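Residue strings, one per chain:
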Amino acid sequence: MPGLVLDACPAIGYLYNGPAVVQFDPAPPESAVVTACFGADCEPAGVDQLRGEWVVPQEAPYLGPGVFGDGSVQTLRLVVVDGTRALVDDEFEIPVAVERTGTFGQCTGPFRFEPVEVSLER
């Protein structure tokens, strides 16, 4: 049929098992302890800095109750403490970059987490 445009997308579910990356501005003091976890009601665990970024893998002990390391939970609880003072204690949405597929880019394709940018007030 002339002029017929198929707009269907394949029934493919995409997973992302990479880490969430946190970038602070300004950087936390060297004495600060950074902890994080995925999902609500989770218990944050210590995170190490790697080349100026804080990398939170989607694996134990960073997964909250009922959270699988597949990218489906896109919230990160972040707690930063310097001595007895909390610099951050909040949940952040993890930005997501999605590749578009299909002839006209109408379909959602693979995705990945973008860095979570956190402003620290000192």
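Predicted, not measured: the structure shown is a model, and the values here were computed from it.

The rules behind these values
Residues numbered from 1 in each chain as written. Predicted model: local features only at pLDDT ≥ 70, side-chain atom pairs only at ≥ 80, totals over all residues. Heavy atoms only, no water. Phe/Tyr/Trp six-rings, centres within 6.5 Å; stacked < 30°, edge-to-face > 60°. Helix = DSSP H or I, 4+ residues; strand = E, 2+ residues; numbered from the N terminus. Buried < 20%, exposed > 50% of the residue type's maximum accessible area, 1.4 Å probe, protein only. Pairing = 2+ DSSP bridges. Disulfide = S-S within 2.5 Å.

Draft legend 1. Fine view of the packing of aromatic side chains. Inspection of the entire model under this criterion finds four aromatic pairs. Ring centres of Tyr 16 and Phe 111 lie 6.1 Å apart, and the angle between their planes is 50°; on these two criteria the pair is classed as tilted. Of this pair, Tyr 16 sits in the segment before strand S1 (20-25) while Phe 111 sits in strand S9 (residues 107-113); the two residues are 95 residues apart in sequence, bridging distant segments of the chain. Here Tyr 16 falls in the buried class, since its relative accessible area comes to 17%. Within the aromatic cluster, the residues linked to one another by ring pairs are Tyr 16, Phe 38, Phe 111 and Phe 113.

Draft legend 2. Up close: the sheet that holds strand S3 (residues 45-46). One open sheet accounts for four strands, arranged S3-S2-S6-S7; its pairing is antiparallel. Two strands close off the open sheet at either side, each with one partner strand: S3 and strand S7 (85-93). Direction of pairing for strand S2 (residues 33-38) relative to strand S6 (residues 75-82): antiparallel, over a ladder of six bridges. Following the sheet pairing, Val 33 is matched in S6 by Val 81.

Draft legend 3. Expanded view of the state of the cysteines. Inspection of the entire model under this criterion finds two disulfides. What pairs with Cys 9 in a disulfide is Cys 107, and their sulfur atoms sit 2.1 Å apart. Here the disulfide of Cys 9 and Cys 107 is left-handed, its torsion about the S-S bond being about -90°. Here Cys 107 lies in strand S9 and Cys 9 lies in the segment before S1, a separation of 98 residues in the sequence. Its relative accessible area of 39% is what places Cys 9 among the partly exposed residues. A sulfur-sulfur distance of 1.8 Å marks the disulfide that ties Cys 37 to Cys 42. The sign of the 70° torsion about the S-S bond sets the Cys 37-Cys 42 disulfide as right-handed. Among the residues examined, Cys 37 registers a relative accessible area of 0% and is labelled buried. Of the residues examined, Cys 42 reaches a relative accessible area of 6% and is grouped as buried.

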